[in-house]
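Coordinates in review
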Amino acid sequence: MTSRTGFFVLSGVLLLVALVCVGEGVQLIATGKPLGIGIGICAFVIPVIGVWFLRQTTRFGRDSERLARELEAEGGLPVDELVRSKGGRIDRASADAVFARRQAEAQADPADWRVWFRLAVAYADAGDTPRARKTMQHAIKLHSTEPARSSTA
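Residues numbered from 1 in each chain as written. Predicted model: local features only at pLDDT ≥ 70, side-chain atom pairs only at ≥ 80, totals over all residues. Heavy atoms only, no water.

By the element assignment, V98 lies in helix 3 (residues 92-108). Since its relative accessible area comes to 9%, V98 is described here as buried. Along the chain, V98 and D80 lie 18 residues apart, while their C-alpha atoms are 9.7 Å from each other. (Helix = DSSP H or I, 4+ residues; strand = E, 2+ residues; numbered from the N terminus. Buried < 20%, exposed > 50% of the residue type's maximum accessible area, 1.4 Å probe, protein only.)

Structurally, the position occupied by D112 is in the loop between helix 3 and helix 4 (113-125). Reaching out from D112, the side chain makes a polar contact with the side chain of R114 at a distance of 2.9 Å. (Polar contact = N/O pair within 3.5 Å; in protein donor to acceptor, adjacent residues only side chain to side chain.)

All chains considered together, the criterion is met by 13 salt bridges. As a salt-bridge pair, R118 and E105 come within 4.0 Å of each other at their nearest N and O atoms. Pair noted here: R118 is in helix 4 and E105 is in helix 3, with a separation of 13 residues, a long-range link. Put simply, D128 and R131 hold a salt bridge, and the shortest N to O gap is 3.4 Å. (Salt bridge = Lys/Arg side-chain N within 4 Å of Asp/Glu carboxyl O.)

Take a look at the structure:
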């Protein structure tokens, strides 16, 4: 199953669970008992948090794909130069070398979203998903402010 298919399946399950929670919340509030009302209100909060998380994840995926397409059109996507084992595992020393180079590029030009995008890919290749996501979010932020910066220059 591809990650996109998995995302849509899990999104559907999340929305189904949200509907069930709201239905149960309505029934609990209808009891008129203080404890039922309290739990019923909580049953409304849980789907809101889930839908917010789904929205943030969808936005992140859409924005990072948009940056990848733009970088590909410019010919600036990072080339897969990692050494892999016969089983397909990335060699740690290879990933560290590429990461060091990408990090130096980001330090040399901290205002360019392209180098941050490539650094995020290097983090992901090194297996550091939280930093990869944070770095990609930084690249997205830089990209979104780029037109305003270039129009004032």
